[in-house]
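Fold and geometry: a report
One letter stands for each residue in the lines below.
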Amino acid sequence: MTDGQTLRHGGALDVVEQLFPEAPRPWIDLSTGINPWPWPVPQDILAAQDCLTTLPTQRDWDACKAAMARSFDVPEAYVLPVPGSAMAIALLPKVIPARTVACLEPSYGDHKRVWHAAGARVEALGDHRAIGSHADVAVLCNPNNPDGRCFGADDLLAIAETIAEREGYLIVDEAYGELAPHLSLAQHVTSNRIIVLRSFGKFYGLGGVRLGAVVADPSVLERLARCLGDWPISTLALRIGAAAYGDTVFAEDTRTRLANGRTRLDAILQSAGLSIAGGTDLFRLVEAGDADALWTHLAQAGIYVRRFDWSPSLVRIGLPATQADETRLENALMAWQHL
């Protein structure tokens with residue numbers, strides 16, 4: 001993990017702490033867009049010694065896969081658990097041949113990077129309706145990261161149909177899909193050349209578990225599984241995933257809690273005179289004028305937010321976990337306003 005990765009993704013708080021040793025502690029990490037109120041892992045799962053001493057069993061794998069399939073409302077044959085959606089993004093170019101790949105822009109930058117590294121010609125397009133015009137593979141996030149744009153199923157299915165005529169694929173990254181389940185294309189993979197990526201850590205607030213899913217035709221999943229090899233996911237991650245995906249009460253309550261947290265964050269940002277350029281209920285995209293200056297100002301206050309190497313003016317700010325964190329952010333932003 002390098003400082004360059006910190007700039008691209010956020011996280012790696014220890015690197016930023018070294019850059020600002022005089023900043024007040026504890027740091028508030030708002031850089032990742034991960035739910036600050038995680039699913040409460042039961043003690044019996046955490047305390048089970050065989051999670052650490054034995055290889056994952058077929059029973060644990062099947063239970064997690066079944067819970068995912070129920071949550072996404074798809075047949076189990078169309079679901080593959082993976083060790084985080086980032087791993088799936090990196091491996092897809094190895095299992096899907098493509099000469100030309102169209103990616104929505106701005107969006108999650110790893111998609112462009114992995115296809116470019118695989119030798120494909122990558123086109124970055126701002127209009128989602130154009131990404132299926134002539135590419136072998138089209139990639140977008142729904143909801144989009146970082147601006148929160150959302151795309152209806154009819155539009156995306158039309159894109160998928162166009163690409164299917166060239167025997168290509170539409171890849172939809174639904175890393176934030178639990179925020180808007182009605183937008184998911186997971187149920188459409190059984191009859192379309194669509195690949196859906198799902199992330200566990202963001203909505204469930206457990207990024208360190210490293211768990212995700214790919215929803216696609218079984219032939220695609222078989223090739224992807226061969227790349228992953230045996231036992232790609234730990235026993236602990238499989239058991240947490242199986243239990244958490246089955247907790248529908250948590251999912252419903254969390255959508256409400258996140259929406260309320262986003263409303264409070266909006267009020268803080270607007271009171272500081274900042275313009276909200278988009279986002280989701282897990283983060284807000286803010287027009288800062290001078291993004292580097294605001295990022296540095298907040299870091300000096302012990303608050304870590306997300307900046308972008310492609311924009312001199314935008315920062316992304318996640319939800320503070322507590323009222324005390326909200327107050328620290330508000331005070332730091334008010335100080336910024338009066339500089």
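This section reports on the structure supplied with the text. Please read these numbers as outputs of a predicted model, since none were measured by experiment.

To continue, consider the sheet that holds strand 6 (residues 169–174). Across the sheet, 7 strands lie side by side as 2-8-7-6-5-3-4; this open sheet has mixed pairing. On the outer flanks of this sheet lie strand 2 (79–82) and strand 4 (121–125), each paired with one strand and no other. Sheet twist, expressed as the mean angle between neighbouring strand axes with direction ignored, is 20 degrees. One ladder, built from 4 bridges, connects strand 7 (residues 194–199) with strand 8 (residues 212–215); its direction is antiparallel. Bridge pairing links arginine 198 to alanine 213 in strand 8.

In this structure, Trp115, Leu170 and Ile195 are the most contacted members of the largest nonpolar core, which totals 107 residues. Sequence-distant contacts of tryptophan 115, that is, excluding residues within four places in its chain, are made with Leu92, Pro93, Ile96, Ala98, Val101, Ala120, Val122, Val137, Val139 and Ile171.

Here we come to the packing of aromatic side chains. Following the criterion strictly, the structure yields 12 aromatic pairs and no others. Centre to centre, the rings of phenylalanine 203 and phenylalanine 250 are 6.4 Å apart; their planes meet at 80 degrees, and the pair counts as edge-to-face. Of this pair, phenylalanine 203 sits in helix 9 (residues 201–204) while phenylalanine 250 is found in helix 12 (residues 248–271), placing the two residues 47 residues apart along the sequence. Taken individually, phenylalanine 203 and phenylalanine 250 each receive the classification buried, so the pair is uniform in this respect. Relative to tyrosine 245, the ring of tyrosine 204 lies with its centre 5.3 Å away and its plane at 70 degrees, an arrangement referred to as edge-to-face. In this pair, tyrosine 204 is assigned in helix 9 and tyrosine 245 in helix 11 (residues 235–245), connecting sequence segments 41 residues apart. Each member of the pair, tyrosine 204 as well as tyrosine 245, is classed as buried. Chaining the aromatic ring pairs together yields one cluster made of Phe72, Phe200, Phe203, Tyr204, Tyr245 and Phe250. Over the ring of tyrosine 176 we find lysine 202, and its NZ or CZ is 5.8 Å from the ring centre.

Among all positions in helix 11, only Thr235, Ala237, Leu238, Ile240, Gly241, Ala244 and Tyr245 are buried. Those residues of helix 11 that are buried lie in contact with helix 3 (43–47), helix 4 (50–53), helix 5 (58–72), strand 7 and helix 9.

We now examine the packing of helix 13 (residues 291–300) against helix 14 (residues 323–337). At a minimum axis separation of 10 Å, helix 13 and helix 14 run at an interaxial angle of 130 degrees. Comparing their axes, helix 14 and helix 13 come out oblique. By crossing handedness, the relation of helix 13 to helix 14 is classed as right-handed. Contacts from Ala293, Leu294, His297 and Leu298 of helix 13 reach helix 14 at Leu329, Ala332, Leu333, Ala335 and Trp336. Looking at the contact of helix 13 with helix 14, its residues break down into 8 nonpolar, 1 polar and no charged.

Moving on, we get to the sheet that holds strand 13 (residues 314–318). A sheet is described by the order of its strands in space; here 4 strands give the open sequence 9-10-13-12, paired in antiparallel fashion. A single partner strand is all that each edge strand has here, and the edge strands are strand 9 (275–280) and strand 12 (306–307). When strand 9 meets strand 10 (residues 283–287), the two strands line up antiparallel, connected through 5 bridges. Opposite serine 275, over in strand 10, you have glutamate 287 as the bridge partner. Where helix 12 meets the sheet, its contacts fall on strand 9, strand 10 and strand 13, and the angle it forms with strand 10 comes to roughly 15 degrees.

Burial within strand 3 (residues 100–104) is extensive, with 5 of its 5 residues counted as buried. Of the two faces of strand 3, both are covered, the one formed by Thr100, Ala102 and Leu104 as well as the one formed by Val101 and Cys103. Sheet topology places strand 3 next to strand 4; 5 bridges connect them, and they run parallel. Pairing of threonine 100 across the sheet is with arginine 121, part of strand 4. As for the winding sense of the linkage, the β-α-β connection from strand 3 through helix 7 (residues 110–117) to strand 4 is right-handed. Alignment of strand 3 against strand 5 (residues 137–141), held across 3 bridges, turns out to be parallel. If you follow alanine 102 over to strand 5, its bridge partner there is alanine 138.

The next point concerns the environment of asparagine 145. When you line up the elements, asparagine 145 lands in the loop between strand 5 and helix 8 (153–164). Along the backbone, asparagine 145 and leucine 319 are 174 residues apart, and their C-alpha atoms lie at a distance of 15 Å. Setting aside residues up to four positions removed in sequence, asparagine 145 forms contacts with Pro106, Ser107, Tyr108, Tyr176, Phe283 and Arg316. Within polar-contact distance, the side chain of asparagine 145 engages the side chain of arginine 316 at 2.9 Å.

Parameters and conventions
Residues numbered from 1 in each chain as written. Predicted model: local features only at pLDDT ≥ 70, side-chain atom pairs only at ≥ 80, totals over all residues. Heavy atoms only, no water. Pairing = 2+ DSSP bridges. Helix = DSSP H or I, 4+ residues; strand = E, 2+ residues; numbered from the N terminus. Axes fitted to C-alpha atoms, helices over the stretch in contact; angles between N-to-C directions. Core = buried A, V, L, I, M, F, W, Y, C linked by side-chain atoms within 4.5 Å. Buried < 20%, exposed > 50% of the residue type's maximum accessible area, 1.4 Å probe, protein only. Contact = heavy atoms within 4.5 Å. Phe/Tyr/Trp six-rings, centres within 6.5 Å; stacked < 30°, edge-to-face > 60°. Lys NZ or Arg CZ within 6 Å of the ring centre and 35° of its normal. Parallel < 35°, antiparallel > 145°, perpendicular 65-115°, else oblique. Left-handed = near helix turned anticlockwise from the far one by under 90°. Nonpolar A, V, L, I, M, F, W, Y, C, P; charged D, E, K, R; others polar. Right-handed = clockwise from strand over helix to strand, strands pointing away. Polar contact = N/O pair within 3.5 Å; in protein donor to acceptor, adjacent residues only side chain to side chain.

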